Amino acid sequence: MCGRFAVTATPEEMRAYFGYAETPNFPPRYNIAPTQPAPVVIQQDGVRHFTLMRWGFLPGWVKDIKAFPLVINIRSETVREKPSFRSAFARRRVLMPADGFYEWQKTDGPGRPFLLRRPDRGIFAFAALHETWSSPDGSEIDTVALLNTHANGVIAAIHERCPVILPPESFPAWLDAKTTPDEAEKLLRPPPDELLELVEIGTAVNKVANDGPAVQEPPGAQQRAPGEAAAGGGTSRIRKAGAGQGNLF
């Protein structure tokens, strides 16, 4: 399950990676949370577009938002069977851009947070579904949720589930409404182990109001005085954030 994620790449990098027509100035987000606007890439008439959607899927038949459970992750194994998602899986497949996401390892306390990111800090894309929900007063909300599957070898160290991350070569088939559900289902696989690294971070990410680079710092660094150097880290698979690494931009 993915409950928070980050999109910190520049607008130029995002546009080059996904190839959409717009030039949005989406600000760096380090701690996107459920119900907040999330970047989404859709395809219409063969052309990709950037848009924002509420992270929290609402099927069209929902009458009362407050009475419906918050759906931010959809199980890929049952997506075709569930009435809430069948139509969206067949016709409204989208991409959710990210360059990091967070998982919490279960403990006796609130959980131990980790950052999952590409070793090169690059962009990737969650497979996702969208639905436009219409309220009784006629207003509409575009909503989205990502698909998840069983964890790969890296993520399994802390959690049993992980998002479906699509490689760029799968984008055309996933976004094309002509791709059949049978064909789309074949794309729903765990990411390869080498795609992501697991980085232990501090607990600042637990608070939704914290939405800056500090949420990705290692344990202890978030409590240091500004400008104080971060402690060094090892090179094991579970790494300390920022160990021996410079800033992206």
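Now for a look at the structure at hand. These numbers come from a predicted model, not from an experiment.

Some words on the overall build of the chain
In terms of regular secondary structure, the chain is built from 4 helices and 14 strands. Looking at the chain alone, contacts between residues at least 24 apart form 67% of all its contacts between residues at least 6 apart. Summed over its atoms, the accessible surface of the chain is roughly 12,000 Å², and 52% of this surface lies on carbon and sulfur atoms.

Let's talk about unusual backbone geometry
Of note in this structure, D45 is not a glycine but carries a positive phi near 55°. Residue position: D45 is located in the loop between β3 (37–44) and β4 (47–55). You will see that R121, though not glycine, has its phi angle at about 65°, which is positive. Position of R121 among the secondary structure elements: in the loop between β8 (112–117) and β9 (124–134).

Focus: the pairing of strand β6 (residues 93–98)
The buried count for β6 comes to 6 of 6 residues, which makes it a mostly enclosed element. Covered by surrounding structure in β6 are R93, L95 and P97 together with V94, M96 and A98, the residues of both alternating faces. The pairing of β6 with β9 spans 6 bridges and is antiparallel. Each bridged residue has a counterpart across the sheet, and for P97 the counterpart in β9 is A125.

A short note on the pairing of β4
The sheet contact formed by β3 and β4 spans 8 bridges and is antiparallel. Considered in β4, the bridge of P37 is made with R54. The hairpin formed by β3 and β4 contains 2 residues between the paired strands, and D45 there has a positive phi angle of roughly 55°. With 2 bridges connecting them, β4 and strand β10 (residues 140–150) associate as parallel partners. If you follow W55 over to β10, its bridge partner there is V144.

Details of the pattern of salt bridges
Inspection of every chain in the model, using the stated rule, returns 9 salt bridges. Measuring nitrogen to oxygen at the nearest pair gives 2.4 Å for the salt bridge that ties D211 to R29. A residue pair is termed long-range when its members are at least 10 positions apart, and D211 in the loop between β13 (197–200) and β14 (238–240) and R29 in strand β2 (residues 29–32) qualify at 182 residues. Under the relative-accessibility criterion, D211 is labelled partly exposed at 28%. E197 serves as the salt-bridge partner of R121, at 3.4 Å between the closest nitrogen and oxygen. Of this pair, R121 sits in the loop between β8 and β9 while E197 sits in strand β13, and the two are 76 residues apart along the sequence. Given the relative accessible area of 7%, E197 is considered buried.

A closer look at the packing of aromatic side chains
The final tally for this structure, using the stated rule, is 13 aromatic pairs. With a centroid separation of 5.4 Å and an interplanar angle of 65°, the aromatic rings of F57 and F85 are classed as edge-to-face. Of this pair, F57 sits in the loop between β4 and β5 (73–75) while F85 is found in the loop between β5 and α2 (86–91), placing the two residues 28 residues apart along the sequence. In this structure F57 comes out as buried when scored by relative accessible area, which is 0%. A ring pair is formed by F89 and W174, whose centres lie 6.0 Å apart and whose planes are at 65°; its orientation type is edge-to-face. Remark: W174 occurs in helix α3 (residues 171–175) and F89 occurs in helix α2; sequence separation between them is 85 residues. Looking at F89, the relative accessible area reads 1%, which means it is buried. The exposure class of W174 is buried, given its relative accessible area of 0%. Chaining the aromatic ring pairs together yields one cluster made of F5, W55, F101, F124 and F126.

Things to note about the environment of G153
Along the chain, G153 falls in the loop between β10 and β11 (161–163). The class of G153 is partly exposed, set by a relative accessible area of 42%. With 38 residues separating them along the chain, G153 and P191 place their C-alpha atoms 9.3 Å apart.

What counts, and at which threshold
Residues numbered from 1 in each chain as written. Predicted model: local features only at pLDDT ≥ 70, side-chain atom pairs only at ≥ 80, totals over all residues. Heavy atoms only, no water. Helix = DSSP H or I, 4+ residues; strand = E, 2+ residues; numbered from the N terminus. Contact = heavy atoms within 4.5 Å. Areas by Shrake-Rupley, 256 points an atom, 1.4 Å probe, with all protein chains shown as cover. Buried < 20%, exposed > 50% of the residue type's maximum accessible area, 1.4 Å probe, protein only. Pairing = 2+ DSSP bridges. Salt bridge = Lys/Arg side-chain N within 4 Å of Asp/Glu carboxyl O. Phe/Tyr/Trp six-rings, centres within 6.5 Å; stacked < 30°, edge-to-face > 60°.

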